[in-house]
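Close look at the chain arrangement
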Amino acid sequence: MQQEVTRFEDLYSRYAPAIHRFVFRLSGGDAATADDITSETFLRVWTARDRVRLATVQAYLFAIARNLYLEGLRRERKQAPLDEAAAAVAPAQPGRRGDIERALNALPEADRAALVLRLEEDLPYEEIAGVLGITAAAARVKVHRARMKVAQALGGKEAFR
């Protein structure tokens, strides 16, 4: 049991920051949501630890986190009145960083997830494909199109990398 706990602690310390960053971006900068989903992701891995393959654990963790985020969105949509949904637009942030955040948040969730996984987490397209449930070629296209949409939203003056 002690060895199992140590491996879990190693897994958590290695991947929790990346999972948190990923969910933080998906949620438009909501730290509480990122905290909750990161915790729930590792709780689910702990309860399924006998089925987890270490070779693919990173993609597995991102997939769990994304699915939890999507479940939360579905739950919120069922509960939120229409006027609250309109008010949920992120407030403007000053400067270029705010422009990038708004452009990212305007992307569909799957495009935003693909772009964040590629640019911030440096995941290979094959792992992004596994997280999103698409082919590696589709992941490449999704990342490229998301980059183009963000660049266009930024005025098309520069390529978003």
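Data block above holds the structure.
Residues numbered from 1 in each chain as written. Predicted model: local features only at pLDDT ≥ 70, side-chain atom pairs only at ≥ 80, totals over all residues. Heavy atoms only, no water.

Digging into the overall build of the protein chain
- Across its full length, the protein chain holds eight helices and zero strands.
- Within the span of the protein chain, comprising 161 residues, buried residues form 37% of the whole.
- Across the protein chain, every contact between residues at least 6 apart in sequence was considered, and the portion connecting residues at least 24 apart equals 61%. (Helix = DSSP H or I, 4+ residues; strand = E, 2+ residues; numbered from the N terminus. Buried < 20%, exposed > 50% of the residue type's maximum accessible area, 1.4 Å probe, protein only. Contact = heavy atoms within 4.5 Å.)

Looking at a negative patch on the surface
- On the surface, Asp-30, Asp-35, Asp-36 and Glu-76 cluster together to form a negatively charged patch.
- Here Asp-36 is to be found in helix H2 (residues 31-47).
- Overall, Asp-36 belongs to the exposed group, its relative accessible area being 54%. (Patch = residues over 30% accessible without salt bridge, like charges linked within 9 Å, V, L, I, M, F, W, Y side chains within 5 Å. Areas by Shrake-Rupley, 256 points an atom, 1.4 Å probe, with all protein chains shown as cover. Salt bridge = Lys/Arg side-chain N within 4 Å of Asp/Glu carboxyl O. Lys, Arg positive; Asp, Glu negative; His and termini not counted. Charge placed at Lys NZ, Arg CZ, Asp CG, Glu CD.)

A few points about the environment of Leu-104
- Relative to the elements of secondary structure, Leu-104 occurs in helix H5 (residues 95-106).
- The spatial distance from the C-alpha of Leu-104 to the C-alpha of Arg-147 is 9.3 Å, given a sequence separation of 43 residues.
- Once residues lying within four places of it in the same chain are set aside, the contact partners of Leu-104 are Arg-25, Arg-112, Leu-115 and Val-150.

Some words on helix H7 (residues 125-132)
- For H7, the complete set of buried residues consists of Tyr-125, Ile-128, Ala-129, Val-131 and Leu-132. Along the axis of H7, the buried residues cluster in a sector spanning 160°; they form a single face.
- Directly after H7, the chain includes Gly-133, whose backbone phi takes a positive value near 75°. (Arc of directions from axis to C-beta.)

With respect to unusual backbone geometry
- Phi at Asp-122 is positive, roughly 55°, even though this residue is not glycine.
- Within the secondary structure, Asp-122 sits in the loop between helix H6 (109-119) and H7.

Considerations on the pattern of salt bridges
- Counted under the stated rule, the structure contains nine salt bridges.
- Asp-111 serves as the salt-bridge partner of Lys-149, at 3.1 Å between the closest nitrogen and oxygen. One end of the pair, Lys-149, is in helix H8 (residues 136-153); the other, Asp-111, is in helix H6, with 38 residues separating them in the sequence.
- Classification of Lys-149 by relative accessible area gives partly exposed; the value is 39%.
- For Arg-140, the salt bridge identified is with Glu-126, shortest N-O distance 3.8 Å. On the criterion of sequence distance, the pair formed by Arg-140 in helix H8 and Glu-126 in helix H7 is long-range, its members being 14 residues apart.

Here's the deal with the packing of aromatic side chains
- For the structure on display, the rule yields four aromatic pairs.
- Plain terms: the ring middles of Tyr-12 and Phe-42 are 4.8 Å apart, the flat faces sit at 70° to each other, and that makes the pair edge-to-face. Placement of Tyr-12 in helix H1 (residues 2-26) and of Phe-42 in helix H2 is noted, with a sequence separation of 30 residues between them.
- Looking at Phe-42, the relative accessible area reads 2%, which means it is buried. (Phe/Tyr/Trp six-rings, centres within 6.5 Å; stacked < 30°, edge-to-face > 60°.)

Overview of H2
- Spanning 17 residues, H2 covers 24 Å between terminal C-alpha atoms, matching the ideal 24 Å at 1.5 Å per step.
- Taken together, the buried positions of H2 are occupied by Ala-34, Ile-37, Thr-38, Thr-41, Phe-42 and Val-45. Along H2, the residues classed as buried sweep out an arc of 130° about the axis, all on the same side. For H2, the exposed residues lying more than 90 degrees away from the buried face are Asp-36 and Thr-47.
- Between the side-chain oxygen of the N-cap and the backbone nitrogen of Ala-32 there are 3.1 Å, and the N-cap of H2 in question is Asp-30. (Expected span 1.5 Å × (residues − 1). Polar contact = N/O pair within 3.5 Å; in protein donor to acceptor, adjacent residues only side chain to side chain.)

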